[in-house]
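Secondary and tertiary structure notes
Residues per chain, in single letters:
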Amino acid sequence: MFERAPEVGGKARSRRRDGYTFDVTGHWLHLRDDRVRALADEVFAAGDLVEIERKTGIYTHGVMLPYPFQANLHGLPLPVVQECLATFIEAQVAASSPSAATPRTFEDFAVARFGRGIAEHFFIPYNRKLWGEAYDDLTPDWISRFVPMPDVRQVVGGAIGLRQEGLGYNVRYLYPTAGGIDALPRALDRAARAASATVRLSTDVTRIDPIARRVHTAEGGVRSYDRLVSTLPLPELVKRIDGIPDALAEAAGKLRWVRWRYLDVGTRSQVPMDEHWVYVPDPQTPFFRVGCYSNALQAMAPPGCGSLYVELADRDEPPDLPAIFAALAQMGALASPDDVAFADVHDIEYAYVVFDHAYAGARDALFDHLEGLGIRSCGRYGAWIYNSMEDSILAGMEAAQWLNA
Ligand SMILES: Cc1cc2nc3c(=O)[nH]c(=O)nc-3n(C[C@H](O)[C@H](O)[C@H](O)COP(=O)(O)OP(=O)(O)OC[C@H]3O[C@@H](n4cnc5c(N)ncnc54)[C@H](O)[C@@H]3O)c2cc1C
């Protein structure tokens, strides 16, 4: 195994500073598959993982609502609640009509499924901030597994103040007790090495010769293979393969992704809000999501302190820290702007794959070609999908079976 970084883990790495621990923004472990649970039991000792009940909110119109927005409208200004409810019910009626059209864009989907009010007060502004200029080209394909779909009873209940809980895919999650999601890749690394795998760190794959079946690295190494598994982002893999036909290079050029810019924030006192992470749709707020690691697990910050991640809407300009701290304090994510001990800015080049109308054709063409070359491209950016750590582990298990077949 070749890994470019000096440590294993990829996006599931952690950074530590002055007793504070940060992941590459929130990395909460949701395990649904028995095979992955069994693997976790094998590589972790009893007590190494703690189960945590999700506390998630939406901060909008100056109020903190429980997640998900569409099922917890109570607390919003009454005209907003009325608009959301009325248009939700109209959308339900329209959807049952035989002439209802299949939504083409993400926005069509949000309006058709939840009504114009819920779409305009949450889904549209939140996703505009998250996806930036890719927003207008989004199809609804990525969404179904991750967006809770409450029924009329739940939406009406949530609007009149009956708190709707337990909706969505991630009600409870696991997290390493000692703090830092990097305990997971490190445990897998130990198990792999114990099974005689060779893991070469700081080894950058620069070229793949699919005819001679050789991998070249920046350090001058050459290694032969029979079959190759790659977790490089798909456009990076394609760039490195010798002799890629022009049509496929063109297909790779159609793949789009969004970059992330976020802050690791250490605070001197505890964070006033209770939530573990909060969605912030309002266009004027400079971030779209903020999470508090230390609310989930106090070991993520020194005693009495807090550690936060702040996912920024603007990924081009240097962040306006005073404005960000003021907005965090206003929503209860900081005791006051002066409570910040430090704030470090980080970027993720490949954060989210963009599901636009060119996506499926380009991806399918590339995968057909790679299969013919004996290369399996998997993981979140290798498969060019939206997925979780558990999905990536499952993809690893399937790749191992393919190698052994
Ligand atoms: C902002 C964000 C939040 C997320 N939150 C969650 C969450 O809460 N829960 C959850 O389950 N999942 C979450 N995920 C998803 C999770 O990060 C991924 O599913 C998982 O980490 C993907 O693993 P991977 O191995 O496919 O890719 P990566 O983690 O990207 O690993 C790819 C590896 O390839 C290496 N590499 C790249 N180029 C080369 C090269 N040329 N030579 C050698 N090595 C190379 C990289 O260094 C890296 O280690 C989140 C993702 C993001 C971006």
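Residues numbered from 1 in each chain as written. Predicted model: local features only at pLDDT ≥ 70, side-chain atom pairs only at ≥ 80, totals over all residues.

A count of helices and strands for the chain gives 11 helices and 16 strands. Compactness check: the chain gives a C-alpha radius of gyration of 23 Å against a globular reference of 22 Å for 405 residues, within 12% of the reference. Seen through its C-alpha atoms, the chain measures out along the principal axes to roughly 70 × 60 × 45 Å. A burial count over the chain gives 37% of its 405 residues as buried. In the chain, the share of contacts with a sequence separation of at least 24, taken over all contacts with a separation of at least 6, comes to 71%. (Helix = DSSP H or I, 4+ residues; strand = E, 2+ residues; numbered from the N terminus. Rg over C-alpha atoms; globule rule 2.2 N^0.38 Å. Buried ≥ 20, exposed ≤ 12 C-beta atoms within 10 Å, placed from the backbone. Contact = placed C-beta atoms within 7 Å.)

Another point: the sheet that holds strand β7 (residues 205-209). Reading across the sheet, the three strands line up as β7-β8-β9 and stay open at both edges, with antiparallel pairing between neighbours. Two strands in the sheet have a free side with no partner beyond their single neighbour: β7 and β9 (222-224). Ignoring which end each strand starts from, the neighbouring axes of this sheet average 20 degrees apart. One ladder, built from four bridges, connects β7 with strand β8 (residues 214-217); its direction is antiparallel. Residue pairing in the sheet places valine 205 in a bridge with threonine 217 of β8. (Pairing = 2+ DSSP bridges. Axes fitted to C-alpha atoms, helices over the stretch in contact; angles between N-to-C directions.)

A few words now on unusual backbone geometry. In this model, tyrosine 67 is joined to proline 68 through a cis peptide bond whose omega is 0 degrees. By the secondary structure assignment, proline 68 is in the loop between β5 (63-66) and α2 (78-95).

In the neighbourhood of the ligand, 30 residues make up the surrounding shell, with Gly10, Lys11, Gly379, Ser388 and Met389 lying closest. Among the secondary structure elements, those contributing two or more residues to the shell around the ligand are β15 (340-353) and α11 (389-404). Per element, the largest residue contribution to the shell around the ligand is three residues, and it comes from α11. Taken together, the residues of the shell around the ligand break down into 12 nonpolar, 11 polar and seven charged. (Near = placed C-beta within 6 Å. Nonpolar A, V, L, I, M, F, W, Y, C, P; charged D, E, K, R; others polar.)

The element strand β14 (residues 306-312) is extensively covered by neighbouring structure, given that seven of its seven residues are classed as buried. Of the two faces of β14, the one lined by Gly306, Leu308, Val310 and Leu312 and the one lined by Ser307, Tyr309 and Glu311 are each fully buried. As paired strands, strand β11 (residues 257-267) and β14 are joined by six bridges and run antiparallel to one another. Residue leucine 263 lies in a different strand from β14, and its bridge partner there is valine 310. In this sheet, β14 lies alongside strand β13 (residues 287-292) in antiparallel orientation, the contact comprising five bridges. Bridging from a neighbouring strand, valine 290 pairs with valine 310 of β14.

All right, on to the packing of helix α7 (residues 246-253) against helix α10 (residues 359-372) then. Put simply, α7 and α10 touch, their axes get as near as 8 Å, and they point 135 degrees apart. Overall, the two elements α7 and α10 adopt an arrangement that is oblique. In the crossing of α7 with α10, the sense of the turn from one axis to the other is left-handed. Seen from α7, the contacting residues are Leu248, Ala251 and Ala252; seen from α10, they are Ala362, Ala365, Leu366 and His369. Class assignment for the residues of the contact of α7 with α10 results in six nonpolar, one polar and no charged. (Parallel < 35°, antiparallel > 145°, perpendicular 65-115°, else oblique. Left-handed = near helix turned anticlockwise from the far one by under 90°.)

Our focus in this paragraph is the environment of serine 230. Within the secondary structure layout, serine 230 lies in strand β10 (residues 228-230). In this view, serine 230 contacts Leu237, Ile375, Ser377 and Gly382; residues no more than four positions away in its chain are not counted.

Residue pairs spaced three or four apart in an α-helix point in one direction, given the helix's 3.6 residues per turn. Those residues of helix α4 (residues 152-159) that fall on the buried side of the exposure criterion are Val155, Gly158 and Ala159. Angular distribution of buried residues about the axis of α4 spans 100 degrees; they occupy a single face of the element. Close packing links the buried residues of α4 with α2. A positive phi of about 105 degrees marks glycine 161, the residue just after α4. (Arc of directions from axis to C-beta.)

On to the nonpolar core. By size, the foremost hydrophobic cluster in this structure holds 91 residues, and its most contacted members are Ile58, Ile118, Val290, Leu308, Val310, Leu328 and Ala333. At 10 residues, the largest contribution of residues to this core is made by helix α3 (residues 106-131). (Core = buried A, V, L, I, M, F, W, Y, C linked by C-beta atoms within 7 Å.)

The next subject is the sheet that holds β11. One key point about sheets: their strands pair by backbone hydrogen bonds, in either a parallel or an antiparallel sense. Here we have seven strands laid out as an open sheet, ordered β5-β4-β12-β13-β14-β11-β15, and mixed in their pairing. Strands with a single pairing partner mark the edges of an open sheet, and in this sheet they are β5 and β15. In this sheet, neighbouring strand axes are inclined to one another by 25 degrees on average, regardless of whether the strands run parallel or antiparallel. Running at roughly 90 degrees to β13, α3 makes contact with β4 (56-60), β11, β12 (277-279) and β13 of the sheet.

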